[in-house]
Amino acid sequence: MADWVVISSVASAGGTLALAGTTYFSIRSANRAARVAELSLLAALRPLLVSSSPEDVTQHVGFFDDVGVDTPGGGAGVVVVDGRVYIVISLRNVGPGIGVIHGGFVHGRQLGASQDHAPVESLRMLSRDLYIAPGKIGFWQIAFRDADDRREEVLAAVESGRFTIDLLYGDYEGGQRVMTRFGVVRDGDVWNLLTARHWQLDRPENVRPRGSFVEGRYEGAS
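Just so we're clear, the structure is a prediction, and the values are computed from it rather than from any experiment. (Residues numbered from 1 in each chain as written. Predicted model: local features only at pLDDT ≥ 70, side-chain atom pairs only at ≥ 80, totals over all residues. Heavy atoms only, no water.)

## Some thoughts on the layout of surface pockets
In this structure, the largest pocket encloses a volume near 310 Å³. As for the largest pocket, its lining consists of 14 residues, and the residues nearest its centre are F63, L126, S127, Q141 and I142. At the level of elements, strand 7 (124–132) and strand 8 (137–144) are the ones that each hand at least two residues to the lining of the largest pocket. With six residues, strand 7 is the single largest residue contributor to the lining of the largest pocket. For the lining of the largest pocket, the per-class residue count stands at eight nonpolar, three polar and three charged. (1 Å grid on protein atoms, 1.4 Å probe; cavity = no way out; pocket = protein on both sides within 12 Å on 5 of 7 lines; lining within 4 Å. Points joined across faces, edges and corners; volume = space filled by probe spheres on them. Helix = DSSP H or I, 4+ residues; strand = E, 2+ residues; numbered from the N terminus. Nonpolar A, V, L, I, M, F, W, Y, C, P; charged D, E, K, R; others polar.)

## Focus: the confidence of the model for the protein chain
Mean pLDDT over the protein chain stands at 84; residues scoring 70 or higher make up 72%. The low-confidence segment residues 206–222, where pLDDT is below 50, has 29 contacts with residues more than four positions distant or belonging to other chains. (pLDDT = per-residue confidence, 0-100. Contact = heavy atoms within 4.5 Å.)

## A few points about the side chain of H107
Along the polypeptide, H107 turns up in strand 6 (residues 99–107). Among the residues examined, H107 registers a relative accessible area of 12% and is labelled buried. At 2.8 Å, the side chain of H107 and the side chain of D166 are in polar contact. Not counting residues up to four positions away in its chain, the partners in contact with H107 are A118, R150, A157, F163, T164, D166 and R181. (Buried < 20%, exposed > 50% of the residue type's maximum accessible area, 1.4 Å probe, protein only. Polar contact = N/O pair within 3.5 Å; in protein donor to acceptor, adjacent residues only side chain to side chain.)

Below is the structure:
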């Protein structure tokens, strides 16, 4: 004779288990959808700065001590006045989000993409905000004057015709920080600007960029 109490209990337990399983997968699916939505939002905010194109206009950038530097598209403007060094690089934002530049570091020599970027705490932070809208050109500027400890080092690098810049920037909310390395190389009277590598500082780097500028040449993907 069937024990309907046991059968009822088993059926109830099975229903509860099925409901728990359905709830688990629903929550998991909702979390996955929320994560996808978050990643899509971040992707829409993410900037990516590279050297501008040689066809882009020349930008005239002024410094507070009345020194002006003309910076051609795809290049840099480098001026030395009474031992003071003024540097401006021409940039384009190829990412979908507004790029907010935080600061940069000028290395006294040429570095390749395989060498690590400058520590964030060693960067010269900007005294004013510089923004580059998506698809637009902009610039970053720095000066080394008499009181700057590294002026002689940077001046020697300028005289050699080769140096490297590590530039820190992020989205307009202050996140998704990127460090991009640029090589600055003189060719006659022209300073060329070469994009070397991007480091994502606020997320793990699982994949090295498919192409990098290394020791004066571009190593593309095979």
